[in-house]
Structures are given as C-alpha cells and as structure tokens.
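Single-letter residue listing:
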Amino acid sequence: MHVGIVGTGGMGNVHARHYKNIPGVEGIYAFDRDADKLNAFCKHHGAKPADSAEHLLSLVGSVDICLPTHLHQEFVLQALASGVPTLVEKPMARTVEDCRAMIAAADKAGVQLGVAHVVRFFPEHELAHKLVKEGKVGTPGAVRMRRGGRAPVGSDAWFQDAALSGGVILDLAIHEFDWLRWTLGECTQVYARSVRLGKTVDAGPYTGDYALCTLSFQSGAVAHVEATWMDPSGFRATIEVSGSEGILEFDSRQNPVLRTHTDSGSRNESQMASTDDPYYKQLSGFVRAIQNGTPVPVDGREGLKAVGIAEAAIESAQTGKPVVPVYA
C-alpha cells in the first residue's frame, strides 16, 4: 500500500525515513500547506506531493498525521470520514473532548485509529515495562521519571504557545504518563506544579518551561514525573522503579554512544539495526495491523487516557489542587 504523511516537519521526516524500509509499503504521498517544505520533503524522501489533504486521502491505504497538536482533530476526522486507517502523533489531541470526537468517528467508520506513543518502543522503556510486569522488582511502590532538554520551537513557534501545544506537560510529560499507565495501571489522582503554564511568548527569547507532577495509581504506587524545556545541556531521560524486591534504573546519559559533531550540530549515532529502531517498530506495527486487520499497537482509547492525565496535570498546575483524570 501507499502511505500518506500530512505534515512535513520534524516528525514527518522521521516517519518517512522508516516507512521506506517497511515491507508492503510501496511508496509515500505527502501533503503540507507550506509548498516549499512539501517540495523539499518529497525531494529528500522520494515521496510524491498531493495537491490537498483530500487528494492525498484518495491515493493512500493509510495516513500518518504529523501536524502540530492543535491541528490533529481536523485532519484525523477528515481521514476517518474518508475511510482511511489513521495514525496520529502524540499527544493524540489538545483536549480529551477532541480525543472523544476522534474515537467516535473511528468507531462510526469502522476504521483503525492509532496513536504514536513511540516511547513504548524504546528498548530501555520496553524492557523496564516487561521487568515490572514480570515482578522482577516485586510490587512497585515508587517511580521517578525525567524527560527534557532545550525548548523546541516548531513552525510559527507553536510549541511556545501553551494554548496550542499544551506546554511541557501535554507535549513532553505525556510520554511518561502513557508509559506509567501502561506499566502501573490506571491513575487516580494528579498533583502538578509548573514554572510558566498558560503563558505565551510574543517576542524575545523563549525561556522554556518546567513541570513536576505526582501521580497516584489504583495499585497504591506513586510516580514523580519531571519534565523540562529549560535544560541547556541537552536531552536526558531517566527511569527509576522502586519495588518490594528491588530497584531498576536507567539514565540516557549513562549509555556510551558514538557522537558526531558538525556545523549543523551534535548528534548521537544509533547503535541499533534499522529494524530495531523504535520508530520503525512503531510504524511497522501499525502497518501490520492494517494489513492483517488486527488491533493497532496503541489505540485511540489509550491515547485519550494519556491526554486525560495531562489535562488533569495542567488543571492541577493552574489551581494548585490535586485533580482526578478524566478517562472516558
């Protein structure tokens, strides 16, 4: 089948690189309202441009929505109404209400709807989940997770506007919220504090954001999630799970990696085979689900629950009070 990508920014480029290697994917069509970005994307990836979203949907067997968060609902609903299986980047939508509308549209159309929570496919997070589920640390009591680095910008600086991106809690901490719910079960309460929630930047340098969230779970476990866009030293992710029988831990900065430095910046070189890359595993899992008519790896209802936890954290940071997440 042919795959469509709507949105040719950062994530669109990451996804396109891996789709080309997935068995059964014949080619890529792409659409972006920015013609210059679209043409550059198609030239780089060997994709074919579509004149509009409607045109793209008429050409493909599945579509991947890689747009800014506040635009997800519009294009997802359009894709589902056209009967095209849809994968949407995380967070699934800006609000739980938007998520509900997308799930209802998928159910009505009988079309698969997946959410790209790629952290589930990172080897350390995948293994940590497996070990906890197998009881290797006994009964989990406390979890600490951290994710962050420099502040992203995005086209038209949309990341910097919390009304569009949801800020560091919805856009970044949602990775941890999804992993924690997947691993520990349902969250019953959230308490959060944020440096600059709800503020926008109209001019001048972006000063980033920082949030600290405490989550309580039905199991009795408690998790502390730290998310930051105020770390000039670069990206870092950590996990620490303390249980009745032991502790497991991971720190992305403690893994020895090969780094390259050029005029365009510094980067870690992947030590994984291309088929072990978490983005490849995520996208190939979605493609296989379409080909086989089986459930997608992460469905809309799971995407909604992660947004529900994030919404509760945002409300808590605004009010200073603990909040119960909305899950349906």
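Everything numeric in this text was worked out from a predicted model, so none of it was measured.

Here we come to the pairing of strand β5 (residues 86-89). Here β5 shows no split at all, with T86 and V88 on one side and L87 and E89 on the other all buried. Relative to β5, strand β4 (residues 62-65) runs parallel, the two being bridged by three bridges. Bridging from a neighbouring strand, V63 pairs with T86 of β5. Handedness of the β4-helix α4 (residues 72-81)-β5 crossover: right-handed. Two strands pair when backbone bridges link them, and β5 and strand β6 (residues 113-116) are joined in this way by four bridges, in the parallel orientation. Paired with E89 across the two strands is A116, which belongs to β6. Running through helix α5 (residues 96-109), the crossover from β5 to the neighbouring parallel element β6 is right-handed.

Take the sheet that holds β5 next. Taken in spatial order, the six strands of this open sheet run β3-β2-β1-β4-β5-β6, and their pairing is parallel. In this open sheet, the two strands that pair with only one neighbour each are β3 (48-49) and β6. Helix-sheet contacts for helix α1 (residues 10-19) involve β1 (2-6), β2 (27-31), β4 and β5, and the interaxial angle to β1 is about 170°. In the packing of α4 onto the sheet, the strands contacted are β1, β2, β4, β5 and β6, and the crossing angle to β5 comes to about 175°.

Pairing is mixed in the open sheet, where six strands are placed in the order β8-β9-β10-β7-β11-β12. Each having just a single partner strand, β8 (187-194) and β12 (246-251) make up the two edges of the open sheet. Mean inter-strand twist for the sheet, computed between neighbouring axes without regard to direction, equals 10°. Bridge count for strand β7 (residues 140-148) against strand β11 (residues 236-243) is eight bridges, and the pairing is antiparallel. Note that in β11 the partner of V143 across the bridge is V241. Against the sheet, helix α6 (residues 123-133) makes contact with β7, β11 and β12, and its axis sits at roughly 170° relative to β12, the strand it touches most.

Here the focus is the packing of aromatic side chains. In this structure the tally under the stated criterion is three aromatic pairs. Ring-pair connections join several aromatic residues into one group, and the members of that group are W158, F159 and W229. It is K305 that lies over the ring of Y327; its NZ or CZ is 5.5 Å from the centre.

Another aspect to go through is the nonpolar core. In terms of nonpolar packing, the biggest core is built from 72 residues, with L56, M92, I169, F177, L180 and L215 touching the most fellow members. Dropping the residues within four chain positions of it, I169 is found in contact with I174, F177, A211, C213, A310, A313, I314 and A317.

Time to look at helix α9 (residues 278-292). For α9, with 15 residues, the first-to-last C-alpha span of 21 Å sits near the 21 Å given by 1.5 Å per residue. Across the 15 residues of α9, eleven count as buried, placing the element largely inside the fold. Where α9 is buried, its residues touch α1, β4, β5 and β6. For α9, the N-terminal capping position is held by D277, with its side-chain oxygen 2.8 Å away from the main-chain nitrogen of Y279. G293 sits one or two positions beyond α9 and adopts a positive phi of about 65°.

The geometry of α5 relative to helix α10 (residues 300-319) is characterised by a closest axis approach of 9 Å and an angle of 170° between their N-to-C directions. The orientation of α5 with respect to α10, classified from their angle, is roughly antiparallel. Where α5 approaches α10, its residues V96, C99, R100, I103 and D107 are matched on the opposing element by G300, R301, L304, V307, G308 and E311. Of the residues in the contact of α5 with α10, the class split is five nonpolar, two polar and four charged.

Turning next to α6. An α-helical turn contains 3.6 residues, so a residue and the one three or four places further along point in the same direction. Taken residue by residue, α6 has H125, A128, H129 and V132 as its buried positions. Along the axis of α6, the buried residues cluster in a sector spanning 100°; they form a single face. Elements that come into contact with the buried residues of α6 comprise β7, α8 (167-184), β11 and β12. G135, located one to two residues past α6, shows a positive phi value of around 80°.

This part covers the pattern of salt bridges. Close approach of charged atoms allows side chains of opposite charge to pair. For the coordinates displayed, the defined rule picks out 13 salt bridges. Salt-bridge contacts for K90 lead to D171; the nearest nitrogen and oxygen are separated by 3.6 Å. Within this pair, whereas K90 is found in the loop between β5 and α5, its partner D171 is found in helix α8, the two being separated by 81 residues in sequence. D171 matches K90 in its accessibility class, with the two residues each being buried. In this structure, a network of salt bridges that share partners links the residues R120, D178 and E302.

About the thresholds
Residues numbered from 1 in each chain as written. Predicted model: local features only at pLDDT ≥ 70, side-chain atom pairs only at ≥ 80, totals over all residues. Heavy atoms only, no water. Buried < 20%, exposed > 50% of the residue type's maximum accessible area, 1.4 Å probe, protein only. Helix = DSSP H or I, 4+ residues; strand = E, 2+ residues; numbered from the N terminus. Pairing = 2+ DSSP bridges. Right-handed = clockwise from strand over helix to strand, strands pointing away. Contact = heavy atoms within 4.5 Å. Axes fitted to C-alpha atoms, helices over the stretch in contact; angles between N-to-C directions. Phe/Tyr/Trp six-rings, centres within 6.5 Å; stacked < 30°, edge-to-face > 60°. Lys NZ or Arg CZ within 6 Å of the ring centre and 35° of its normal. Core = buried A, V, L, I, M, F, W, Y, C linked by side-chain atoms within 4.5 Å. Expected span 1.5 Å × (residues − 1). Polar contact = N/O pair within 3.5 Å; in protein donor to acceptor, adjacent residues only side chain to side chain. Parallel < 35°, antiparallel > 145°, perpendicular 65-115°, else oblique. Nonpolar A, V, L, I, M, F, W, Y, C, P; charged D, E, K, R; others polar. Arc of directions from axis to C-beta. Salt bridge = Lys/Arg side-chain N within 4 Å of Asp/Glu carboxyl O.

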